[in-house]
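# Coordinates in review
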Amino acid sequence: MCRESLTPIITYCDQGLNSKIIRYGILLLIVVAILFKVHLIFCLNINWDEFYYLSLVHSYLRGEDIDPLQSFHVHFFSWLPSIFCNEINQIIVARCLMCLLSVGSGILVYKIGGIYLSKEGSLFSALCYFSFSNIMLHGSSFRMDPVCSFLFLASLYLILGKPHSYKGAIIAGVMTGCSIMVTIKSLLYLLPIALIYVINVLSSSSKKGVIKHAAVFGAVLLLTLTLLYGYHIFSLSAAETTRDNAASQSRSSYTAGSLKTISFPRLGDIFSKMFLENVFFPRFSVFQATVMDNLIIWVSLVSGLMSAIKKILKKSDKFLKLCQLIPVLLLLLTVIFYRNAWPYYYVFIMPPLFIFCGMLIDDILIFTKATKSIFLWQNIGVLFLSIAVFLSMMKIYAQRNSDEMITQRRMVKLVHQIFPEATPYIDAFSMISSYPKVGIFMSTWGMEDYIKRNTPIFRELIIKHHPVFLIGNRSCIHPKNMDSQKIKSGHRPLKEDAEVIKQNYVKHWGSLYVAGKEFEFKDSAHATRFEVLIPGVYTIEAGDAVTINGIKYPPKSQIMLESKDYDLSVKNIPIKVTLRWGKNLFRPEASSYSKMVYPLR
């Protein structure tokens, strides 16, 4: 008995048990892939932007002035700090929610596939989604890409599957507006959506209905953006004026500045930075790695795309319907120009492209329709390809299924143990998100802007905010590594900033440094003069007594130092003297430290 698929684009013979074997087989692989994905939530190291996104939530709750651009998520996650006091646990909870959205995106890939493909083809598209390495590793990260991907797929399903439903247009408009508020790069979604509407007009017998659908979508989108942006600005302004003034000033004005609105010139600068840096394919190495890690999926995608193009060129009865999917390819083309096309960016652009993978499955089903051994060939062809995709995912999972958060957990726990109250600090990515960070956000973009300004900042920031500890979670801020020639010249801190950091912080544990001074007396030197930028009680660590401003102090003495110059001298040399901020701060054994507090992946 023959049946049509969800649409008349393909037709093949349903062999009953044969179809069930294929469907249940692929579905089983999808379920296992989801379970692996859930496990990785608790294993993968927390990336820099996950800490950063969490820090925006805490900054909002402290009433600090934050940039209205890229910060709308603070309204959805303002409850996180009340669940756990530990940043690692907060991010894991947020990851679990992102995982739910990722599963929802996989379901939407299946549902959109159902508009064009058989159930087998749609299931294979979903399997490719869950098995794609970038989605496996980053699809549940506490970034905004999983949110926007889900919202875009939901909008796409409503536009493609319900082209005459005004209710669908309203919901799609709201979702797309929310996506743009979450991250400005969601504007990239608008061009494919606009082209899909154009194709729908050309292929529909009720052109006026589609045009009205597009008009409703556009009007609701603009209204949603206006209302949400107004609410966001009002909320940020209210938080800034009602919170304690001291808390609102704890963050560096260099980092955030006064509350600002989104202007067209500013959007133009951002667009220019993202797309017009005169670098062709800026992240080609990332794309190359993505292809090699998912070679079978890419071959399936390209094969399905070629099949779709072939049908379009033949101008079959449904060639305009197939044309609806072609605009989503524009998202993939953005990697040629987009400077931030890092691995997580593929979570944002790839999901709708997996529909083309399902077209390859349907081609196999159509091909085996004319053979005598339909049952055998359908099972061998489709299941073999599905298992091959699953095994490629298993390889990635096997490489990353160990606990990569061990040192991060220890670092966050140690900081909260040593500094139980919110304390200003310096790091690259706001790792202790619940505490006020001093300094710039040290992403590649942030460092490039900092180098371009060519203005030292850290001496002034240290004098003003007194950050008493520093986490060297990137080489450019690590006192022992910031001069390394391995750091790109455009990401190395200015000489003046590097010196002030090295002179005012001492190693405490691993990549954790605290305010302090280190002196090594040898040869004939017995005295030195030093400046204190961070006032407080300091503990003297030395093998013999030292003299500070004429007063003799035995080892382990505690002395109150103010922000001024001091004279220090010793009697016997050689000797090493350390002045460490705090009263005998707790220090774990060195053996409990593993080198990388923040592995960049």
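About the criteria used
Residues numbered from 1 in each chain as written. Predicted model: local features only at pLDDT ≥ 70, side-chain atom pairs only at ≥ 80, totals over all residues. Heavy atoms only, no water. Salt bridge = Lys/Arg side-chain N within 4 Å of Asp/Glu carboxyl O. Helix = DSSP H or I, 4+ residues; strand = E, 2+ residues; numbered from the N terminus. Buried < 20%, exposed > 50% of the residue type's maximum accessible area, 1.4 Å probe, protein only. Polar contact = N/O pair within 3.5 Å; in protein donor to acceptor, adjacent residues only side chain to side chain. Contact = heavy atoms within 4.5 Å. Axes fitted to C-alpha atoms, helices over the stretch in contact; angles between N-to-C directions. Parallel < 35°, antiparallel > 145°, perpendicular 65-115°, else oblique. Nonpolar A, V, L, I, M, F, W, Y, C, P; charged D, E, K, R; others polar. Pairing = 2+ DSSP bridges. Phe/Tyr/Trp six-rings, centres within 6.5 Å; stacked < 30°, edge-to-face > 60°. Lys NZ or Arg CZ within 6 Å of the ring centre and 35° of its normal. pLDDT = per-residue confidence, 0-100.

It is worth spelling out the pattern of salt bridges at this point. Enumeration over the complete set of coordinates arrives at 13 salt bridges. Lys185 serves as the salt-bridge partner of Asp145, at 2.6 Å between the closest nitrogen and oxygen. Of this pair, Asp145 sits in helix α6 (residues 145-161) while Lys185 is found in the loop between α7 (166-182) and α8 (190-203), placing the two residues 40 residues apart along the sequence. The class for Asp145 is buried, based on a relative accessible area of 4%. A relative accessible area of 10% places Lys185 in the buried class. In this structure, Arg529 and Asp567 form a salt bridge, with 2.7 Å as the shortest nitrogen-oxygen distance. Residue Arg529 is located in strand β7 (residues 527-531), and its partner Asp567 is located in strand β12 (residues 565-570); the two are separated by 38 residues in the primary sequence. Overall, Asp567 belongs to the partly exposed group, its relative accessible area being 37%.

Below, the discussion takes up the side chain of Ser133. Within the fold, Ser133 resides in helix α5 (residues 133-138). Within the local environment of Ser133, its side chain forms a polar contact with the side chain of Asn134, the two groups lying 3.1 Å apart. Ignoring anything within four residues of it in the chain, the contact list for Ser133 reads Asp293, Asn294 and Ile396.

This next bit is on the packing of helix α2 (residues 48-62) against helix α3 (residues 87-116). Direction vectors running N to C along α2 and α3 enclose 100 degrees, while the axes themselves pass 11 Å from each other. With respect to their mutual orientation, α2 and α3 come out roughly perpendicular. Contact with α2, carried on its side by Glu50, Phe51, Leu54 and His58, involves Glu87, Ile88, Gln90, Ile91 and Arg95 of α3 and no other residues of that element. Here the residues of the contact of α2 with α3 sort into 4 nonpolar, 2 polar and 3 charged.

A separate point is the pairing of strand β5 (residues 505-509). Counting buried residues in β5 gives 4 out of 5 residues, a clear majority hidden from the surface. Examined bridge by bridge, β5 and strand β6 (residues 512-521) share 4 bridges and lie antiparallel to one another. Residue pairing for β6: Val506 is matched across the bridge by Val514. Here β5 hands over to β6 after 2 residues, with Gly510 in that stretch at a positive phi of 60 degrees.

The buried fraction of β6 is high, at 8 of 10 residues. Where strand β4 (residues 469-471) lies against β6, 3 bridges are found, and the strand directions are antiparallel. What sits directly across from Leu470, in β6, is Tyr513. Here β6 runs beside strand β13 (residues 575-581); their pairing, made up of 6 bridges, is antiparallel. From the neighbouring strand, Glu520 faces β13, where its bridge partner is Lys576.

The way to describe two aromatic rings as a pair is by their centre distance and the angle between their planes. Going through the model one piece at a time under the given rule, you end up with 30 aromatic pairs. Measuring from centroid to centroid gives 5.8 Å for Trp48 and Phe429, while their planes differ by 35 degrees, and the two rings are tilted. Pair noted here: Trp48 is in helix α2 and Phe429 is in the loop between β3 (425-426) and α20 (444-453), with a separation of 381 residues, a long-range link. Taking the relative accessible area as the measure of exposure, Phe429 reaches 2% and is therefore buried. Note that Lys185 overlies the ring of Phe348, its terminal NZ or CZ placed 5.0 Å from the centroid.

Let us now look at the sheet that holds strand β10 (residues 551-553). Strand order across the open sheet formed by 4 strands is β7-β12-β9-β10, with antiparallel pairing between neighbours. Looking along the sheet, the strands with just one partner apiece sit at the ends: β7 and β10. Ignoring which end each strand starts from, the neighbouring axes of this sheet average 30 degrees apart.

We now examine the packing of helix α21 (residues 458-465) against helix α22 (residues 495-504). Where α21 meets α22, the closest approach of the two axes is 8 Å, and the angle between their N-to-C directions is 40 degrees. Taken together, the axis directions place α21 and α22 in an arrangement best described as oblique. Contact residues: Phe458, Arg459 and Ile462 in α21; Asp497, Val500 and Ile501 in α22. For the contact of α21 with α22, the per-class residue count stands at 4 nonpolar, no polar and 2 charged.

This next bit is on the confidence of the model for the protein. Predicted coordinates in regions of low pLDDT should not be interpreted in detail. When the pLDDT values of the protein are averaged, the result is 87; 85% of them are 70 or greater. Here residues 10-14 scores under 50 on pLDDT; set against residues more than four positions off or in separate chains, the count is 24 contacts.

Our next topic: unusual backbone geometry. Ile573 connects to Pro574 through a cis peptide bond whose omega is 0 degrees. Tracing the sequence through the fold places Pro574 in the loop between β12 and β13. Not every positive phi belongs to a glycine, and Asn454 is a case in point at roughly 55 degrees. Within the element layout of this structure, Asn454 appears in the loop between α20 and α21. According to the relative accessible area criterion, Asn454 is exposed, its value standing at 54%.

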